[in-house]
Amino acid sequence: MEMETREKKRIRVEANTEPSESPFEALSEEILFLILDLLDSNPLDKKSFSLVSRSFFAVESRHRRSLTPLRPELLPFVLSRYNSISHLNLTLCPYLSDASLSSIALLLGPSLRSINLSGSRSFSHRGIECLANKCFNLEEIDVSNGVELTDEAAAAIGRMSKVERVRMRRCKKVTDLGIGCIAVGCPNLKLLCLKGCVGVTDLGVALIAVKCRKLRSLDVSFTMITKKCLPAIAQLPNLQDLCMTGCLGINDKALVTLKQGFKSLQALDMSNCQNITQASVSSTLHKYPSLHFLNLSYCCPVNSMLSGLHGVLKLNSIKLDGCHVSADGLKSLANSCISLKELSLSKCSGVSDEAISVIVAKHKDLVKLDVTCCRYITDLTLAAITSSGASLVSLSMESCTKVTCEGFRLIGRHCPKLEELNLTDTDLDDEGLKSLAQCRNLTSLKIGICLKITDEGLIQIGRSCPHLQELDLYRSIGITDKGVSEIALGCSNLETICMSYCTSISDESLKCLSNCARLNTLEIRGCSLVSSVGISAIAARCCNLSKLDIKKCYEIDDAAMLSLAQFSHNLRQINLSYCSVTDVGVLALASISCLQVVTMLHLSGMSADGLAAALLMCSRLMKVKLHVSFKPFVSPVLIDRLESRGCLFQWLNKPFQVQLESSEVWKQQSHDIFVE
């Protein structure tokens, strides 16, 4: 009888433990794909989705099309699960061997359409050849910063017949021979970036222009080209974007050859071309009827050229940073450029109230204006901007020192569409901040080195600007925990905040900011009241934290590093110089798999053995900054090993500094340097 009772109980228990089918299992794959499409904002959301059930795990694997892996040694396992990947971003894998690229080619094959190798090292032309052989549907490849890649690598790219976009920035050993292979083998090429390829000359670029007739975007910045290749470039029927930044071989004679052609050109960048004059530029530009964007930053004086823009009817964006301009020149610009929407005059000498007034009066649809370091403009400029700038979306007035707090109050009253505002190093006060609170669409606000602002004004920003994503309070010493807590409460979308040298900031600010789940960049350098308690709060709740600057936060110790190691798995960059961290904390930090850039100067608690052990653990480092005194105690074999895996060591000889300069003294010194 007792045995029968036990058997009935066992059967009842087994019946109760049978899993009931989840209602989600009835959803079709198409519906689940639509759900996954909405989970792109946070990568952890898709991970949580895949853990619901085996079927969800399988669906998420089939849905994913792009991947950014962290550890190349796990690529075979990861790609065997995600075998439908079409876009592979390997910028976070500093060491990537030819064997790794061979494995990628075998596992993904024809499904791979795009691969980014710009942050990787150690692979050669053999790895690229594997991609060319197996991934024959590849449309885009980026091998930028491949300073050791040679013409053989370029020749391997030339075997990718379907490739449309090739980026090769700073491939310094590639010459015309390799570029010629790309020209012959890639007839469908639409974008080519050769910026900093100093071995490339007219011959290679001309071959590209002759063979790749579908080319739409060409960047030959900082190459050795001259006028010889420009006639061929000018005949490209579909070219829309041409960048020739820093090409010293481009002169007036070269520009003459550009007068024929370029009917489709929409963007032209000739910044830092030191050997061209305004006369040649002026006589050339009217030949480009489709031009939308023009960059002549740090070139010749541009005054007389500006009057010749009347024939370029579609030109709406101009950058003249660092140029000498006059009031008459800017007036000519206002009258001749009828479609102007964006204007950058950063660090231009000669910018005056009168000139800006004419520009904004003529162009009431102006959406972006940059007058950074135009130190002669006054409140009259802001009065003109605000009376005509109802459409303004972005405004930068950094270091416009003659504009008073009265002028800044006009911005909030008259620029309701403003989204980006930079008032760093200005006379802004609390009344101005309160007025800016009326700009409810603000996403980026930079008010560093504003010594007159306090919590009173910042509180209004927190209460009125819910879309704020970036806030810069660098050296704005009137800000305390009270103001920051209001920002944390009202700006839940905050992603980046800089409070460096805001010496009244303490752990309370960080505890409040820990509620901003999207926070990824935190800079609190010189905030001596912050301790490990505040950093631990950030680490525990801000899982997207990727950049952290805690230099000269003397109260931060190993406890903070242990918290970061436990929770901050996305941390990629950290500066912990002068902190009270010992070998224990450094070793904990080294366990973070994503960590790529580390600065550790004057850590009194770190020993040479502790440093060596940490370096051994960090296999994915890309840059390490250390004091030169450690160099004799670190094994050359270890350094060579890390450098062979793509890590760059910087040995600095900076003296130990404890006392912080006051913001007033620092600001005055900065202004003195500018005047000199």
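Residues numbered from 1 in each chain as written. Predicted model: local features only at pLDDT ≥ 70, side-chain atom pairs only at ≥ 80, totals over all residues. Heavy atoms only, no water.

- Where an unreviewed UniProt entry is consulted, the protein appears under the name F-box/LRR-repeat protein 15-like leucin rich repeat domain-containing protein, with the organism given as Rhynchospora breviuscula.

Considering the overall build of the protein
Turning to step 1, where the next piece is worked out: Within the protein, the secondary structure is distributed over 28 helices and 24 strands.
Turning to step 2, where the next piece is worked out: Relative to the globule expectation of 26 Å for 676 residues, the C-alpha radius of gyration of the protein, 29 Å, shows essentially globular dimensions.
Turning to step 3, where the next piece is worked out: With 676 residues in all, the protein has 52% of them scored as buried.
Turning to step 4, where the next piece is worked out: Across the protein, contacts joining residues at least 24 apart in sequence account for 71% of those joining residues at least 6 apart.
Turning to step 5, where the next piece is worked out: When the accessible surface of the protein is split by element, carbon and sulfur atoms take 53% of a total near 29100 Å².
Turning to step 6, where the next piece is worked out: A gap of 6 Å separates the mean positions of the 73 positive and 68 negative side-chain charges of the protein. (Helix = DSSP H or I, 4+ residues; strand = E, 2+ residues; numbered from the N terminus. Rg over C-alpha atoms; globule rule 2.2 N^0.38 Å. Buried < 20%, exposed > 50% of the residue type's maximum accessible area, 1.4 Å probe, protein only. Contact = heavy atoms within 4.5 Å. Areas by Shrake-Rupley, 256 points an atom, 1.4 Å probe, with all protein chains shown as cover. Lys, Arg positive; Asp, Glu negative; His and termini not counted. Charge placed at Lys NZ, Arg CZ, Asp CG, Glu CD.)

A short note on the pairing of strand β24 (residues 648-652)
Turning to step 1, where the next piece is worked out: In β24, alternate side chains face the same way, and those of F649 and W651 are buried while those of L648, Q650 and L652 on the opposite face are not.
Turning to step 2, where the next piece is worked out: Where strand β23 (residues 623-627) meets β24, 5 bridges bridge the pair, whose relative direction is parallel. In the strand pairing of β24, K623 is matched with L648.
Turning to step 3, where the next piece is worked out: Taking the sense of rotation as the criterion, the β-α-β connection linking β23, helix α27 (residues 636-644) and β24 turns out right-handed. (Pairing = 2+ DSSP bridges. Right-handed = clockwise from strand over helix to strand, strands pointing away.)

Some thoughts on the confidence of the model for the protein
Turning to step 1, where the next piece is worked out: Of the residues in the protein, 93% reach a pLDDT of 70 or more, and the chain-wide mean stands at 88.
Turning to step 2, where the next piece is worked out: Contacts for the low-pLDDT stretch residues 9-20, under 50 throughout, to residues beyond four places or in other chains number 0 contacts. (pLDDT = per-residue confidence, 0-100.)

Some words on the pattern of salt bridges
Between side chains of opposite charge, a pair can form when the charged atoms approach closely.
Turning to step 1, where the next piece is worked out: Under the criterion given, the structure shown has 17 salt bridges.
Turning to step 2, where the next piece is worked out: Across the pair E140 and R165 runs a salt bridge whose closest N-O atoms are separated by 3.2 Å. In this pair, E140 sits in strand β4 (residues 140-142) while R165 sits in strand β5 (residues 165-167), placing the two residues 25 residues apart along the sequence.
Turning to step 3, where the next piece is worked out: Judged by its relative accessible area of 18%, E140 falls in the buried class.
Turning to step 4, where the next piece is worked out: The class of R165 is partly exposed, set by a relative accessible area of 25%.
Turning to step 5, where the next piece is worked out: A salt bridge links R167 to E140; its shortest N-O distance comes to 2.6 Å. (Salt bridge = Lys/Arg side-chain N within 4 Å of Asp/Glu carboxyl O.)

Details of the pairing of strand β22 (residues 597-600)
Regular strands place side chains that alternate from one sheet face to the opposite one.
Turning to step 1, where the next piece is worked out: Here strand β21 (residues 573-575) runs beside β22; their pairing, made up of 3 bridges, is parallel. By the bridge assignment for β22, N575 is matched with T599.
Turning to step 2, where the next piece is worked out: As judged from the 4 bridges shared by β22 and β23, these two strands associate in the parallel manner. Counterpart to M600 in the pairing with β23 is L626.
Turning to step 3, where the next piece is worked out: As for the winding sense of the linkage, the β-α-β connection from β22 through helix α26 (residues 608-617) to β23 is right-handed.

Comments concerning the packing of aromatic side chains
Turning to step 1, where the next piece is worked out: By the definition in use, this model includes 3 aromatic pairs.
Turning to step 2, where the next piece is worked out: Judged by centre distance (5.9 Å) and plane angle (85 degrees), the rings of Y474 and Y501 are edge-to-face. Of the two residues, Y474 sits in the loop between β17 (470-472) and α21 (481-490) while Y501 sits in the loop between β18 (496-498) and α22 (507-513), which places them 27 residues apart along the sequence.
Turning to step 3, where the next piece is worked out: A residue is classified by how much of its surface remains accessible, and Y501, at 10% relative accessible area, is buried.
Turning to step 4, where the next piece is worked out: Measuring from centroid to centroid gives 5.7 Å for F649 and W651, while their planes differ by 10 degrees, and the two rings are stacked. (Phe/Tyr/Trp six-rings, centres within 6.5 Å; stacked < 30°, edge-to-face > 60°.)

Re the packing of helix α2 (residues 29-37) against helix α4 (residues 54-63)
Turning to step 1, where the next piece is worked out: The contact between α2 and α4 brings their axes to 10 Å, and the two run at 65 degrees. The angle between the axes of α2 and α4 places the two elements in the roughly perpendicular class. Here the hand of the crossing between α2 and α4 comes out right-handed. Across the interface between the two elements, E29, L32, F33, L36 and D37 of α2 pack against F56, V59, E60, R62 and H63 of α4.
Turning to step 2, where the next piece is worked out: Here the residues of the contact of α2 with α4 are counted per class, giving 5 nonpolar, 1 polar and 4 charged. (Axes fitted to C-alpha atoms, helices over the stretch in contact; angles between N-to-C directions. Parallel < 35°, antiparallel > 145°, perpendicular 65-115°, else oblique. Left-handed = near helix turned anticlockwise from the far one by under 90°. Nonpolar A, V, L, I, M, F, W, Y, C, P; charged D, E, K, R; others polar.)

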